[in-house]
Amino acid sequence: MNSITIGQFSLVYNAFSFTFAAMGAATLFLWLSRSQVGPAYKTAVTISGLVCAIACYHYFRIFESWNAAYGVANGVVTTTNIAFNDAYRYVDWLLTVPLLLVELVLVMRLSQAETMSKTLRLGFAAGLMIILGYPGEIAADNGTRALWGTLSSIPFLYIVYELFSGLSASIERQPESVRGLVKQARLLTFAAWGFYPIVYMIPYTSLGGGAVTTGVQIGYTIADLIAKVGVGVLVYIIAVRKTEAEGGSLSTAEAHA
């Protein structure tokens with residue numbers, strides 16, 4: 001592990017702590033807000049909360065692992081004999097990234113056949129992307145990291161194609177009051193996911209040592225907040241708007257809770 005300064009340690013420590021709390025708060029908000037949406041959208045909101053719940057648990061484990069990997073005494077940070085566990089983050093992504101796509105498809109309320117087709121294809125591509133990226137993340141040399149990063153980008157590009165081409169016609173069939181929000185959710189998903197490869201490339205920059213470790217951890221954490229909390233709240237807003245647009249009301253939705 002790279003040596004880090006007390007400032008770098010504290011920055012990552014506080015980022016993990018904040019994200020753990022944010023994921024927990026988002027979980028409660030989304031699950032408690034299910035009564036505000038129609039029956040057709042409860043699954044999408046439930047999955048949004050599940051994504052945040054899974055991330056909340058893993059950020060707790062990541063936070064613990066960070067504290068175990070470094071010791072702080074008299075303002076000096078030293079490494080311990082316990083390595084920081086990057087696997088927690090990838091296990092989290094393996095579970096949550098496919099679900100992020102599923103929640104986006106479900107809130108659009110497509111036909112059953114189209115929903116099944118898109119969720120299976122996008123979910124499989126998302127899982128493959130994460131599996132291919134992990135060997136590069138833990139690689140000791142940048143050549144191996146580049147190889148697996150390139151392989152991981154193949155399913156990533158397919159997902160981007162599906163988001164902007166495969167779903168375009170479906171988005172245009174959405175009620176006018178939510179069409180813009182669905183496009184924003186799609187764009188926010190792309191922006192967050194596009195940030196992950198940039199963070200993945202930090203070891204190739206002129207940065208070194210603790211700056212690389214700090215940059216990677218902070219970068220991934222910011223992307224997680226946007227992709228999970230940000231998109232999750234947008235999915236909830238879309239579900240509420242669609243409930244209203246389809247002739248439902250909050251009282252009607254509550255009656256089906």
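Structure's up top.
Attention in this report is confined to the structure presented alongside it.

Parameters and conventions
- Residues numbered from 1 in each chain as written.
- Predicted model: local features only at pLDDT ≥ 70, side-chain atom pairs only at ≥ 80, totals over all residues.
- Heavy atoms only, no water.
- Core = buried A, V, L, I, M, F, W, Y, C linked by side-chain atoms within 4.5 Å.
- Buried < 20%, exposed > 50% of the residue type's maximum accessible area, 1.4 Å probe, protein only.
- Helix = DSSP H or I, 4+ residues; strand = E, 2+ residues; numbered from the N terminus.
- Contact = heavy atoms within 4.5 Å.
- Patch = residues over 30% accessible without salt bridge, like charges linked within 9 Å, V, L, I, M, F, W, Y side chains within 5 Å.
- Areas by Shrake-Rupley, 256 points an atom, 1.4 Å probe, with all protein chains shown as cover.
- Salt bridge = Lys/Arg side-chain N within 4 Å of Asp/Glu carboxyl O.
- Phe/Tyr/Trp six-rings, centres within 6.5 Å; stacked < 30°, edge-to-face > 60°.
- Lys NZ or Arg CZ within 6 Å of the ring centre and 35° of its normal.

### Digging into the nonpolar core
Turning to step 1, where the next piece is worked out: Within the largest apolar cluster, 59 residues are counted, with the highest numbers of intra-cluster contacts made by V107, I159, W193 and Y220.
Turning to step 2, where the next piece is worked out: Those elements giving two or more residues to this core turn out to be α1 (6–32), α2 (42–69), α3 (87–107), α4 (112–137), α5 (142–166), α7 (176–200) and α8 (210–245).
Turning to step 3, where the next piece is worked out: Per element, the largest residue contribution to this core is 13 residues, and it comes from α8.
Turning to step 4, where the next piece is worked out: For I159, the residues in contact, after removing those within four places along its chain, are L101, L122, A125, A126, M129 and W193.
Turning to step 5, where the next piece is worked out: I4, V12, I62 and Y70 belong to the second-largest nonpolar core, a separate cluster that totals 14 residues.

### Comments concerning a nonpolar patch on the surface
Turning to step 1, where the next piece is worked out: A cluster of nonpolar side chains, contributed by L147, L151 and I154, occupies part of the molecular surface with about 270 Å² of accessible area.
Turning to step 2, where the next piece is worked out: In this fold, L151 is placed in helix α5.
Turning to step 3, where the next piece is worked out: Owing to a relative accessible area of 31%, L151 belongs among the partly exposed residues under this scheme.

### Side note on the pattern of salt bridges
Turning to step 1, where the next piece is worked out: In the structure shown here, the tally under the stated rule is eight salt bridges.
Turning to step 2, where the next piece is worked out: The closest approach of N and O atoms between R89 and D224, which form a salt bridge, is 3.3 Å. Here D224 lies in helix α8 and R89 lies in helix α3, a separation of 135 residues in the sequence. Taken as a pair, R89 and D224 share a single burial class, namely buried.

### Focus: the packing of aromatic side chains
Turning to step 1, where the next piece is worked out: With the rule as written, the count across this model stands at 17 aromatic pairs.
Turning to step 2, where the next piece is worked out: Aromatic side chains W66 and F84 sit 5.5 Å apart centroid to centroid with 85° between the ring planes, which places their arrangement in the edge-to-face category. Of this pair, W66 sits in helix α2 while F84 sits in the loop between β2 (76–79) and α3, and the two are 18 residues apart along the sequence.
Turning to step 3, where the next piece is worked out: Here F84 falls in the buried class, since its relative accessible area comes to 14%.
Turning to step 4, where the next piece is worked out: Ring centres 5.2 Å apart and planes at 85° place the aromatic pair F164 and F190 in the edge-to-face group. Taken together, the residues span a long stretch of sequence, with F164 in helix α5 and F190 in helix α7 at a distance of 26 residues.
Turning to step 5, where the next piece is worked out: Feature note: the residues F9, Y13, F16, Y59, F63, W66, Y70 and F84 constitute an aromatic cluster, connected by ring pairs.
Turning to step 6, where the next piece is worked out: Positioned above the aromatic ring of Y200 is the side chain of R145, whose terminal nitrogen or guanidinium carbon lies 4.3 Å from the ring centre.

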